[in-house]
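What follows is each chain in one-letter form.
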Amino acid sequence: MAEFFHSDAVSLLSAYPGADLVFLDPPFNIGEEYEHGDSLELSVYRSWLRSWVRSAAENVKDGGAVWIHLPDRQAAIGLDEAEKHGLTLYNWIIWHYRFGTYQPNRYIVSKCHGLWMTKGKPRVHNIARVPSDRAAIYGDDRSDGDRPDLDVWGFERYWGRVQGNNAERRPLHPNQLPELYVKRVIESCTNPGDVVIDPFCGSGTTAVVCDALGRESINGDISERAVRSASARAKEWAIRC
């Protein structure tokens, strides 16, 4: 079951301690036309970033996970703050996507960072496995046939940014994560019946994926419009799970 709240991130995390997974996909401060603003002074943005990373670290359950999704300039800030407050880096994932922002005189940015942080002894669940190159390409019988996937995700179909003609696309949400990315995060970090909290719920991807996978979710956003949108989406079903 998914619950929704019109709330800032720190207040929501403080009100609902003990989640098995805190999934953090904040605004990136890149000038999007969100109703709450997305063009803060860098020092102000980073102070705000530190506040909710700290709150996530304090309120996730022992043995739980905090997944922090950030762009290049902020990933190290998020890692540093998480480690200051007792979290440990378990895996640093790169999400690769097509359709990066075109800039004629620069290489196109085509990635974001997923910091898989754990509190205390990590609980690792369903790690995605793929065919082993040894077995599939080289015919090496020393391989058992598969291996954990790489720490760069996103080369498969429907793993990229959710574009306007994608069946997952929701109106009013320009930076929507694909369901398959969120699905892998949730399956890696939780079991069925566990509680996931997403204080930047946006279009509601976490909510629908949790419903499809049998997890409880607590979803919030500082944008009342986003909460209405996510709540409406939760009445439907995940498309790719």
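Structure: above.
Residues numbered from 1 in each chain as written. Predicted model: local features only at pLDDT ≥ 70, side-chain atom pairs only at ≥ 80, totals over all residues. Heavy atoms only, no water.

Caption draft 1: How the structure looks around a nonpolar patch on the surface. A cluster of nonpolar side chains, namely Tyr90, Val124 and Ile127, defines an oily patch on the protein surface of about 220 Å² accessible area. Within the fold, Ile127 resides in the loop between strand 5 (111–119) and strand 6 (129–131). (Patch = residues over 30% accessible without salt bridge, like charges linked within 9 Å, V, L, I, M, F, W, Y side chains within 5 Å. Areas by Shrake-Rupley, 256 points an atom, 1.4 Å probe, with all protein chains shown as cover. Salt bridge = Lys/Arg side-chain N within 4 Å of Asp/Glu carboxyl O. Helix = DSSP H or I, 4+ residues; strand = E, 2+ residues; numbered from the N terminus.)

Caption draft 2: Fine view of the environment of Glu224. Mapped onto the elements of the fold, Glu224 is located in helix 7 (residues 224–234). Glu224 sits 22 residues away from Gly202 along the chain, and the two C-alpha atoms are 10.0 Å apart.

Caption draft 3: Broad picture of the pattern of salt bridges. Taken as a whole and judged by the stated rule, the model has 13 salt bridges. Here Asp72 ties to Lys111 by a salt bridge, and the two come within 3.0 Å at their closest N and O atoms. A residue pair is termed long-range when its members are at least 10 positions apart, and Asp72 in helix 3 (residues 72–84) and Lys111 in strand 5 qualify at 39 residues. One connected set of salt bridges, linked through shared partners, spans Asp20, Lys61, Arg123 and Asp194.

Caption draft 4: Geometry of helix 7. Among the residues of helix 7, Ala226, Val227, Ser229, Ala230, Arg233 and Ala234 are the ones counted as buried. Down the axis of helix 7, the buried side of the element spans an arc of 165°, and every buried residue falls inside it. On its buried face, helix 7 sits against strand 1 (2–6), helix 5 (179–189), helix 6 (205–213) and strand 10 (216–221). (Buried < 20%, exposed > 50% of the residue type's maximum accessible area, 1.4 Å probe, protein only. Arc of directions from axis to C-beta. Contact = heavy atoms within 4.5 Å.)

Caption draft 5: Inspection of the sheet that holds strand 8 (residues 152–153) at higher detail. Spatially, the eight strands line up as an open sheet ordered 1-10-9-2-3-5-4-8, and their pairing is mixed. Every other strand in the sheet has two partners, leaving strand 1 and strand 8 as the edge strands with one partner each. Pairing between strand 1 and strand 10: five bridges, direction parallel. If you follow Ala2 over to strand 10, its bridge partner there is Ser217. Taken strand by strand, helix 3 contacts strand 3 (60–70), strand 4 (87–96) and strand 5, and its axis lies near 5° from that of strand 5. Set on the sheet, helix 7 makes contact with strand 1 and strand 10; between it and strand 1 the angle comes to about 165°. (Pairing = 2+ DSSP bridges. Axes fitted to C-alpha atoms, helices over the stretch in contact; angles between N-to-C directions.)

Caption draft 6: Local environment of unusual backbone geometry. Despite not being glycine, Tyr158 has its phi angle at roughly 70°, a positive value. Position of Tyr158 relative to the elements: it lies in the loop between strand 8 and helix 5.

Caption draft 7: Just the pairing of strand 10, in detail. Counting buried positions along strand 10 gives five out of six residues, so the element sits mostly inside the fold. Pairing of strand 9 (residues 195–198) with strand 10, which is carried by four bridges, proceeds in the parallel orientation. The partner of Val195 across the bridge, within strand 10, is Glu216. What joins strand 9 to strand 10 is helix 6, and the crossover it makes is right-handed. (Right-handed = clockwise from strand over helix to strand, strands pointing away.)

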